[in-house]
Amino acid sequence: MKKDRILVTGGTGYIGSHTVVELQNAGYPVVIIDNLSNSNRNVLDGIERITGIRPDFVEADCTDMDALKKLFADYPDIKGIINFAASKAVGESVQKPILYYRNNLNTLLNLLDLMGPNGVKGIVFSSSCTVYGEPDENPVTEQSPIKKATSPYGNTKQISEEIITDVINSGAPFKSVILRYF
């Protein structure tokens, strides 16, 4: 049985590339979009060495709506997205908050905007434990309350989760999963 194509944004990053390996090993065709701001093209060689398959790759920024539209036109069979494309350094986010808000939020908004018209069935969003702010107790569980973020990075993750919830609650024709990890 042919498996659906998965788009992995930020797929040449550390977590993204490991995810691509697992997807390909499980038989999923993958296309990666990455602007290589936090990784490099050589990662594709490593993925190919491990899996025997070189994933399709588009070098572009997910904040570029025209590039995303072209990607969906070139790969009309994308049925799922795993979104790892984000600026992710807490300290840097304090120094460059506009960069973090622009990159992290516009990436998500662009993807969500294109999912329905392109028949994408679901998105997995890479969130963060930073949504728990300064937790009352450890270990943190999924039942722990979300608290005010302590950095612009954490705030982009909180806002992104709220956006996804609102879009799904509006009756979007797709599903979502939010991953929070440490």
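Above this text sits the structure in question.
Everything quoted here is computed from the prediction, not taken from an experiment.

A. Quick peek at the environment of leucine 114. Note on placement: leucine 114 falls in helix α5 (residues 97-115). Separated by 46 residues in the primary sequence, leucine 114 and leucine 68 place their C-alpha atoms 8.2 Å from one another.

B. Up close: the packing of helix α1 (residues 14-25) against helix α2 (residues 42-51). It is at 10 Å that the axes of α1 and α2 come closest, and there the two elements cross at 30°. For the element pair α1 / α2, the angle class is roughly parallel. Here α1 runs over α2; the crossing is right-handed. Residues Ser17, Val20, Val21, Gln24 and Asn25 of α1 form the contact with α2, whose own contacting residues are Val43, Ile47, Ile50 and Thr51. The residue inventory of the contact of α1 with α2, partitioned by class, reads five nonpolar, four polar and no charged.

C. The nonpolar core, seen in detail. Counting 27 residues, the largest nonpolar core has Leu7, Phe72, Ile78, Ile81 and Leu112 as the members making the most contacts within it. Considering every element that reaches this core, the biggest residue donor is α5, with six residues. Those residues within four positions of isoleucine 81 in sequence are excluded, and the remaining contacts are Leu7, Thr9, Phe72, Leu111, Met115, Val120, Gly122, Ile123 and Val124. Membership of the second largest hydrophobic core comes to 13 residues, among which are Val20, Leu23, Phe57 and Ile82.

D. Examining α5 more closely. Taking 1.5 Å per residue as the helical rise, α5 with its 19 residues ought to reach 27 Å, and the 27 Å between its terminal C-alpha atoms agrees with that figure. Of all the residues in α5, the buried ones are Tyr100, Asn103, Asn104, Leu105, Thr107, Leu108, Asn110, Leu111, Leu112, Leu114 and Met115. Looking at the buried residues of α5, the elements they touch are β1 (5-9), α3 (65-74), β4 (78-83), α4 (90-95), β5 (122-126) and α6 (152-169).

E. Seen up close, the sheet that holds β1. Spatially, six strands are ordered β3-β2-β1-β4-β5-β6 in an open sheet, and the strand pairing comes out parallel. Unpaired on one side and paired on the other, β3 (56-59) and β6 (175-179) mark the two borders of the sheet. Shown here is a sheet whose adjacent strand axes are inclined to one another by a mean of 15°, direction ignored.

F. Main features of α2. Among the residues making up α2, those that are buried are Leu44, Gly46, Ile47 and Thr51. Down the axis of α2, the smallest arc covering the buried residues is 160°, so these residues share one side. The exposed residues of α2 that point more than 90 degrees off its buried face are Asn42 and Arg49. Where the residues of α2 are buried, they touch α1, β2 (30-34) and β3. Two residues or fewer after α2 comes glycine 52, characterised by a positive phi angle close to 80°.

Thresholds applied
Residues numbered from 1 in each chain as written. Predicted model: local features only at pLDDT ≥ 70, side-chain atom pairs only at ≥ 80, totals over all residues. Heavy atoms only, no water. Helix = DSSP H or I, 4+ residues; strand = E, 2+ residues; numbered from the N terminus. Axes fitted to C-alpha atoms, helices over the stretch in contact; angles between N-to-C directions. Parallel < 35°, antiparallel > 145°, perpendicular 65-115°, else oblique. Left-handed = near helix turned anticlockwise from the far one by under 90°. Contact = heavy atoms within 4.5 Å. Nonpolar A, V, L, I, M, F, W, Y, C, P; charged D, E, K, R; others polar. Core = buried A, V, L, I, M, F, W, Y, C linked by side-chain atoms within 4.5 Å. Buried < 20%, exposed > 50% of the residue type's maximum accessible area, 1.4 Å probe, protein only. Expected span 1.5 Å × (residues − 1). Pairing = 2+ DSSP bridges. Arc of directions from axis to C-beta.

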